[in-house]
Amino acid sequence: MKKWLLILFVSACFFTARASHISGGEMYYTYLGKSPSDPNKLRYAITLLLYKDTTVTGAMVASLSSNYNVSVYRGDNNALVGNYVMNRKNYEFMKLGTYDKCLSSFPRVEFATSAYEVIVDLDPNPSGYYASHSQCCRVSGVLNMNSNSVGVTYWVKIPGSNTNPFAPDNSSAAFLKKDTILVCVSSPLKLDFSAVDPDKDSLVYSFAPGYIGAGPPPNQLPIQSDAPPYNTVSYFGGFSYSQPFGNVSAQIDPKTGLVSGKAPATTGIYLIAVLVEEYRNGIKIGEHQKEFQLKVENCSLTAAALKPQYISCDGFTLQFENESASPSVASYLWNFGDGVLNNSTLPTPTHTYADTGTYVLKLIVTSTGGCQDSATSLVKVYPTFKTDFLVTGNCVLNNYTFKDLTSSKYGTVNSWRWNFGDAGSSADSATSKDTVWKYTSAQTATVTLISTNNKGCIDTLTKQIAILDKPNINLAFKDTLICSNDSLLLRATINNTTTISWTPNNNANKFRITGAATATPLVYPTDSTKYYVTVQDNGCNATDSVMVNVLQFIKVDLKTDSTICRGDSFALAPNSLALSYMWRSSGGEIINPIKNPIVKPLTNTQYFVTANLGKCQDKDSIQIIVKPTPTVTATNDTTICFGTSLQLKASIQASKFTWSPTSSLTGYTTLNPVAKPVGSTNYVIAVSDTLGCPKIVTDTIRVTVVPRIFPNAGNDTMAVIGKPLQLNASGGLTYRWTPPTFLSNPLIANPVFTGAAGTDSVVYTVRVYTQAGCYAEDNVVVTIFDGLSKIMVPSGFTPNKDGKNDILKPICKGIKQLVHFNVFNRWGQLIFTTSKIGDGWDGTYKGEYQPVGAYVYEAVGIDFADNKVYTKGTTVIIR
């Protein structure tokens, strides 16, 4: 079952103070006949119908008024006829009472309609009258127009005999009250704006603009309404009266007044207005409009929606999707209509049909709450439909013929829409199968044909067509040579030409021609001659020419002999006016019979050419001497360690050679230089020959340099007899310590040292290796602690930055930790401190050099037996 759940919320706003609750209305008239009180006047009933949104509450919302004003103006000069009071004659409350259970929410849809009427007697006027009612203000926040500062005018034209030959015998159509419809965001749209005409006139519907009226308070309900002509509202960017929902598709059926399409994705209020026009016997006799402020609610329905039909004219595969944007759909079930097993549960399935035909597609959707909806559509599979056409014509003076060549394997081609692309005409179209068109000027026209068949297929083809100002002549050549005793066949290609002629066409010795009235005459002039060809086709004329140059003889010159390198190609380049060439070589090589063939001799070769121009002929030859190409062979790429050197080697067959780069080469003027690069380098040797082949040939040796190794044996340290000490080296892949004395394993990075009594210290050297076998060395001194620990401080130092005795630092023996080393000036102020062994004082305090004199120091440390060691004394700065 297909569910249309659209809520048209015509929020009717009636107000006395400020009618921000009026959401729509219309004004129409009824002709009642001649006035009983004055037979010379015409009596009309003028009706104002307003809509009030009864869900809107608040201080600014007024209750229904018992009467409203209406103003009547003449149609010829817009002069005021009078202001009248319309009394309420009808009040009706309308409410949506039945909701679909599959809705995500159930917004209130209820409003009141109130009809107001006044009877007026008017003089007959050929220009008719305008009746209008104006008030302020509209509902604020309308999304497609500025509703915050403008009011509304409802008006109707009472036509006179100038526009309605049946006047005054006519009454307005009146819109039906079909407004209790729920419109959910992004849901299918179906709004009924149909009307009924008491005179049974034909009605035509279209979108219309809204109209502004009245002013802000206190002029919100003026006694005299706005006078014609009436001003339309201003729409926001992207919106218009014909596109009230912006880019969202909405259409109105001109015959039924049904608005369809898709609701906007944004909730809120949108202004929409529909114009209904009355026609009698094909003549428009009246019009008026209904205006609504449509409310789009935040709701959705578990809905299945499909296109009216799906057509494939170029294959058997189609993709489908649910056209409804409902977010509550939880599952899909597709049946493609070509077999029981061909179902899919995908949201957007792709299906390939096995054969042509018309199938019934069905979609069933289920919501998370279990609600279901379904939809069906037709699928037409009729491929191999293709549009094509042929255009023939000679020039702009005559018609061009357009012939349809559309092919349709299934079905019959049933419509054609031609656009001839004539830049000088707006009527350059046709709908017949084959047609003709006469262009307004010479141009390049873009011709388009859209064709359809009875299966629903449609295809479009566009071609660029040159519209000529004269017939087209295609000549085989326009400038050529012949020998004086030869003949030549001229050739012109033309289209549907009725006459053709060549000149000069006498048979004097100088010009001689036969077949001058054909497209292929034979000429045999004895002197150079220009022949003109003229074609005439139904008044279209064109002329072109061919220059025939006559030579008494020809010459061919291959220039001097040449030398090339073995393996190179050579272009033979004869200097001649001949038109054909025959070649042969002393080595029997097959040569292309063209003017400039490419040859590749491996040995010295003589080349011979015979040049022909008809019966004229000449010959020549050239010797190509082939010289060996220089060769060079260098040693293979290699890898060396940083800081080492390598001898490069090369062998050549050439008279000259050079190495590059030379900055890291010694003996680069020899074939065996020594290379000592600091980084990976490509050494290129280039050879050349001064004996015939000047080509430069190169070879390259890639010398990869292993990056420099940075070995680290660790800082000098101290060991205690009986306590193991672990050494730590880094910087390589493998290690070797020497000497191996007292070490647990001299072939690892971190051997354990265990000293013996009687040894003061050991100097160890560690050699660090990389994967490539490169190595480097570093040393570490291990001092053996004999149980005597002390901290010694020099008695003086010379901080003058000469690199000698510039720093005062404690000398630690048997000390594993320096607690602190402090220096005080003569006033007892601490001016330097450190707890790092090896650090010292440079004789400055806060960046300033301290004066010459005595300073007190204090040092505290922990020895390897965990005993505290303390010393104190004085030292002197000497400058």
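See the structure printed just above.
Residues numbered from 1 in each chain as written. Predicted model: local features only at pLDDT ≥ 70, side-chain atom pairs only at ≥ 80, totals over all residues. Heavy atoms only, no water.

Caption draft 1: Region of interest: the nonpolar core. Judged by nonpolar contacts, the single largest core of 28 residues is most densely connected at Leu189, Leu191, Tyr205 and Ile272. Counting residues per element, the ones that place at least two in this core are strand S3 (42-53), strand S6 (110-122), strand S11 (188-192), strand S13 (202-207), strand S14 (250-252), strand S16 (268-280) and strand S17 (283-296). Ranked by residue count, the leading element in this core is S16, at four residues. Not counting chain neighbours up to four residues away, the residues in contact with Ile272 comprise Leu191, Phe193, Phe207, Pro244, Phe245, Lys290, Glu291, Phe292 and Leu294. (Core = buried A, V, L, I, M, F, W, Y, C linked by side-chain atoms within 4.5 Å. Buried < 20%, exposed > 50% of the residue type's maximum accessible area, 1.4 Å probe, protein only. Helix = DSSP H or I, 4+ residues; strand = E, 2+ residues; numbered from the N terminus. Contact = heavy atoms within 4.5 Å.)

Caption draft 2: Region of interest: the state of the cysteines. Applying the stated criterion to the full structure yields six disulfides. Disulfide pairing is shown between Cys313 and Cys457; the S-S distance is 1.9 Å. Torsion about the S-S bond of the Cys313 and Cys457 cystine: about -100°, corresponding to left-handed handedness. Highlighted residues: Cys313 in the loop between strand S18 (309-312) and strand S19 (317-319) and Cys457 in the loop between strand S32 (443-453) and strand S33 (458-467), separated in sequence by 144 residues. (Disulfide = S-S within 2.5 Å.)

Caption draft 3: Just empty space enclosed by the protein, in detail. One pass over the full model with this rule turns up three cavities of 30 Å³ or more. Of the volumes computed, that of the second largest cavity is approximately 40 Å³. Taken together, Thr153, Tyr154, Trp155, Tyr211, Gln289 and Glu291 form the lining of the second largest cavity. Every element with two or more residues in the lining of the second largest cavity is listed here: strand S8 (152-158) and S17. The element contributing the most residues to the lining of the second largest cavity is S8, with three residues. (1 Å grid on protein atoms, 1.4 Å probe; cavity = no way out; pocket = protein on both sides within 12 Å on 5 of 7 lines; lining within 4 Å. Points joined across faces, edges and corners; volume = space filled by probe spheres on them.)

Caption draft 4: The arrangement of the pairing of strand S50 (residues 616-627) in detail. Examined bridge by bridge, strand S44 (residues 562-565) and S50 share four bridges and lie parallel to one another. Looking at the pairing, Thr563 lines up with Ile625 of S50. Two strands pair when backbone bridges link them, and strand S49 (residues 605-613) and S50 are joined in this way by nine bridges, in the antiparallel orientation. Looking across to S50, one finds that Val609 is bridged to Asp620. Between the antiparallel neighbours S49 and S50 lie two residues, among them Gly614 with a positive phi of about 60°. (Pairing = 2+ DSSP bridges.)

Caption draft 5: Summary view of the pattern of salt bridges. A complete count under the given rule lists 18 salt bridges for this structure. Notably, a salt bridge pairs Arg108 with Glu110, separated by 2.7 Å at the nearest N-O pair. Note on Arg108: relative accessible area 47%, which makes it partly exposed. One salt-bridge network, held together by shared partners, links Asp199, Asp201 and Arg280. (Salt bridge = Lys/Arg side-chain N within 4 Å of Asp/Glu carboxyl O.)

Caption draft 6: Geometry of the packing of aromatic side chains. Across all of its chains, the model carries 29 aromatic pairs by this definition. Taking the centre distance of 5.6 Å and the plane angle of 85° together, the rings of Phe245 and Tyr270 count as edge-to-face. A residue pair is termed long-range when its members are at least 10 positions apart, and Phe245 in the loop between S13 and S14 and Tyr270 in strand S16 qualify at 25 residues. What makes Phe245 buried here is its relative accessible area of 4%. The exposure class assigned to Tyr270 is buried, which follows from its relative accessible area of 3%. Centroid distance Tyr769 to Tyr775: 5.6 Å. Interplanar angle 50°. Geometry classified as tilted. A relative accessible area of 45% places Tyr775 in the partly exposed class. (Phe/Tyr/Trp six-rings, centres within 6.5 Å; stacked < 30°, edge-to-face > 60°.)

Caption draft 7: Quick look at the sheet that holds S50. If you trace the four strands from one edge of the open sheet to the other, you get S44-S50-S49-S47, paired in mixed fashion. Looking at which strands have only one partner, the edges of the open sheet turn out to be S44 and strand S47 (580-585). On average, each strand axis in the sheet is tilted by 30° relative to the strand beside it, whichever way the strands run. (Axes fitted to C-alpha atoms, helices over the stretch in contact; angles between N-to-C directions.)

Caption draft 8: Spotlight on the sheet that holds strand S36 (residues 488-489). Pairing within the open sheet is antiparallel, and its three strands lie in the order S36-S40-S39. Edge positions in the sheet fall to S36 and strand S39 (513-514), since each has one partner strand and no second. Taken together, the two bridges between S36 and strand S40 (residues 522-523) define a ladder with antiparallel strand orientation. The residue bridging Leu488 from the neighbouring strand is Val523, located in S40.

Keep in mind these numbers describe shape, not what the thing actually does.
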